[in-house]
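As a plain string of letters, each chain reads:
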Amino acid sequence: MSLLKFLQFQPIDPASDQDEIPPEHQVRQEIDLNKDIDGPSLESFWNQVERDISEDPEWFNFSDK
């Protein structure tokens, strides 16, 4: 017998939806989906991320193990 048949979601308490950080100290995040993406700049950014990861002394590659 599956327990999944008996599980139910509890209603969300609106008061519990508030973060611990007061609203005046929270950073407002706005995403502009109409903004053009600079492809070469994005590619350069991720190449640098990959270099940073590979130079991390604590990083290891599973293929090396």
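Residues numbered from 1 in each chain as written. Predicted model: local features only at pLDDT ≥ 70, side-chain atom pairs only at ≥ 80, totals over all residues. Heavy atoms only, no water.

J.: Help me understand the overall build of the chain, please; the structure alone is not making it clear to me.
T.: Within the chain one finds one helix and zero strands. A buried classification covers 0% of the 65 residues belonging to the chain. By element, 54% of the accessible surface of the chain is carried by carbon and sulfur atoms, the whole surface being about 7,500 Å². (Helix = DSSP H or I, 4+ residues; strand = E, 2+ residues; numbered from the N terminus. Buried < 20%, exposed > 50% of the residue type's maximum accessible area, 1.4 Å probe, protein only. Areas by Shrake-Rupley, 256 points an atom, 1.4 Å probe, with all protein chains shown as cover.)

J.: Would you explain the packing of aromatic side chains in this entry?
T.: Any two aromatic rings considered together are summarised by their centre-to-centre distance and by the angle between their planes. Under the defined criterion, the tally for this structure stands at one aromatic pair. Seen from their ring centres, Phe45 and Trp46 are 5.1 Å apart, and the 75 degrees between their planes marks the pair as edge-to-face. (Phe/Tyr/Trp six-rings, centres within 6.5 Å; stacked < 30°, edge-to-face > 60°.)

J.: I tried to follow a negative patch on the surface on my own but got confused; where do I start?
T.: Together, Asp52, Glu55, Asp56 and Glu58 give the surface a local cluster of negative charge. Here Glu55 shows up in helix H1 (residues 39–55). Assessed through its relative accessible area of 60%, Glu55 is described here as exposed. (Patch = residues over 30% accessible without salt bridge, like charges linked within 9 Å, V, L, I, M, F, W, Y side chains within 5 Å. Salt bridge = Lys/Arg side-chain N within 4 Å of Asp/Glu carboxyl O. Lys, Arg positive; Asp, Glu negative; His and termini not counted. Charge placed at Lys NZ, Arg CZ, Asp CG, Glu CD.)

J.: Would you mind showing me how to read a nonpolar patch on the surface here?
T.: Taken together, the side chains of Ile37, Leu42, Phe45 and Trp46 make up a nonpolar region of the molecular surface, amounting to roughly 460 Å² of accessible area. For Trp46, the position within the fold is in helix H1.

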